[in-house]
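Summary of structural features
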Amino acid sequence: MRISIITATYNSEKTVRDTLESILAQTFQDIESIIVDGASKDGTMDIVREYEPRFQGRMRWICEPDKGLYDAMNKGIQMASGDIIGLLNSDDFYTSHNVLETVVRSFKNNDIDACYGDVHYVADNNLGKCIRYYSSAKFTPERMMYGYMPAHPSFYCSREIYHKYGLFDISFKIAADFEQLLRLIYIERIRIKYIPMDFVTMRMGGASTSGIRVRIKIMKEHLRGFRKNGIRNNFFRLSLRYFGKILEYIH
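Residues numbered from 1 in each chain as written. Predicted model: local features only at pLDDT ≥ 70, side-chain atom pairs only at ≥ 80, totals over all residues. Heavy atoms only, no water.

1. Some remarks on the pairing of strand S4 (residues 84-87)
Consecutive side chains of a regular strand alternate in pointing toward one face of the sheet and then the other. Every second residue of S4 is oriented toward a common face, with Ile 84 and Gly 86 on one face and Ile 85 and Leu 87 on the other, all of them buried. Of the strand pairs in this sheet, strand S1 (residues 3-9) and S4 are connected by four bridges, and their pairing is parallel. Within the sheet, the bridge partner assigned to Ser 4 lies in S4 and is Ile 85. Examined bridge by bridge, S4 and strand S8 (residues 156-158) share three bridges and lie antiparallel to one another. Across the sheet, the residue bridging to Ile 85 is Cys 157, located in S8. (Buried < 20%, exposed > 50% of the residue type's maximum accessible area, 1.4 Å probe, protein only. Helix = DSSP H or I, 4+ residues; strand = E, 2+ residues; numbered from the N terminus. Pairing = 2+ DSSP bridges.)

2. Let's talk about the nonpolar core
Counting residues in each nonpolar core, the largest one holds 75 residues, and the members touching the most others are Ile 3, Tyr 94, Phe 155 and Tyr 156. Top element by residues in this core is helix H6 (residues 176-187). It accounts for six residues. What Ile 3 contacts, discounting residues up to four positions off in sequence, is Phe 28, Asp 30, Ile 31, Glu 32, Ile 84, Leu 100, Val 103, Val 104 and Tyr 156. (Core = buried A, V, L, I, M, F, W, Y, C linked by side-chain atoms within 4.5 Å. Contact = heavy atoms within 4.5 Å.)

3. Topic: unusual backbone geometry
Within the chain, Asn 11 stands out as a residue other than glycine whose phi angle is a positive 50°. Inspection of the secondary structure assignment puts Asn 11 in the loop between S1 and helix H1 (16-24). In this structure Asn 11 comes out as partly exposed when scored by relative accessible area, which is 35%. The phi dihedral of Gln 56 falls on the positive side, at around 50°, and the residue is not glycine. Positionally, Gln 56 belongs in the loop between helix H2 (44-51) and strand S3 (59-63). Residue classification places Gln 56 among the exposed residues on the basis of a relative accessible area of 67%.

4. Some details on the packing of aromatic side chains
Counted by the stated rule, this structure contains five aromatic pairs. Consider the rings of Tyr 116 and Tyr 194, whose centres lie 5.9 Å apart with planes at 40°: the pair is tilted. Here Tyr 116, found in strand S6 (residues 114-123), pairs with Tyr 194, found in strand S9 (residues 192-203); they are 78 residues apart in sequence, far enough to count as distant. Residue Tyr 116 is classed as buried on the basis of its relative accessible area, which comes to 4%. Residue Tyr 194 is classed as partly exposed on the basis of its relative accessible area of 21%. Look at Tyr 156 and Phe 199: their rings are 6.2 Å apart centre to centre, the planes differ by 50°, and that puts the pair in the tilted class. A residue pair is termed long-range when its members are at least 10 positions apart, and Tyr 156 in strand S8 and Phe 199 in strand S9 qualify at 43 residues. You'll find Tyr 156 and Phe 199 in the same group, each marked buried. Three or more aromatic residues joined by ring pairs make a cluster, and in this case those are Tyr 116, Phe 139 and Tyr 194. Lying across the ring of Tyr 148, Arg 143 places its NZ or CZ 4.2 Å from the centre. (Phe/Tyr/Trp six-rings, centres within 6.5 Å; stacked < 30°, edge-to-face > 60°. Lys NZ or Arg CZ within 6 Å of the ring centre and 35° of its normal.)

In C-alpha cells:
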C-alpha cells in the first residue's frame, strides 16, 4: 500500500526544507512525494532538486504556472499513483515520525475510504509552542451544516474516491477543501474513520487561518458550496461554530 503525498509550493524556500525533512523522517517509507510548484521566483525549486536524490526515485515534481493552491493540488492528485493520497502544505510538517504508518494501519485494519486526525498551529518564530489545537474528534457529517469539517491537512483518502467523486472546484478561492469534503462525506457518505492523533504542525498565517474578513469570505463560500450541491443552509447557522472556537486556543 503506497501513499502519495502532495505538496504545493510557491516561493516556499523558507519553509519547504522542514516539510521535506518531515516526510523523509517518517517510519513508513512506501511513499511518493509529489511537488507541484507554481513557477516560484525564489530558491524553492533549487531546494526541491537538492532533496530529490534523498528520496531515491520516490519524488516527482512539476514547475509551471497554475491557477492557485487548489489547482496545484488537483494537478498533484492527477499525477498520484499511490493507493492513498494525502496533502502536506509547504509550510507545514508532520508532528511525529509515525503519522503515515498510523494512516496505513488504519486503512489495512478497517474497511474505510478515508481517515483523518488532528492538527495544531504554531507561530513562525516558535515552532515548539502550540497556539491553537484543531481536534477532529467531535466531527460528524451532520456537523458540516454548521461549517465544521475534519482537519483537512490530516485527511488521507483513497485515490479511487477522488477519481470517482471529483477533485477541488477551483472556482472556490478559499473553501474548495470544504466543498470537496461536503461532496465526499455529507453527500456521498464515504466511509471515514477518526484517528485520535496530532498529524500536522501548521504555521499560522495561511490562507484560511486568520482575519474577520477572511472568515466572512469562508462562510460565503461555504454557503455557495451548499447551494452548488443542492443543500439549503443559512449564514446564521454557519456563524454558530465561531462561538466555540475559543476552546481550540491554548494559552
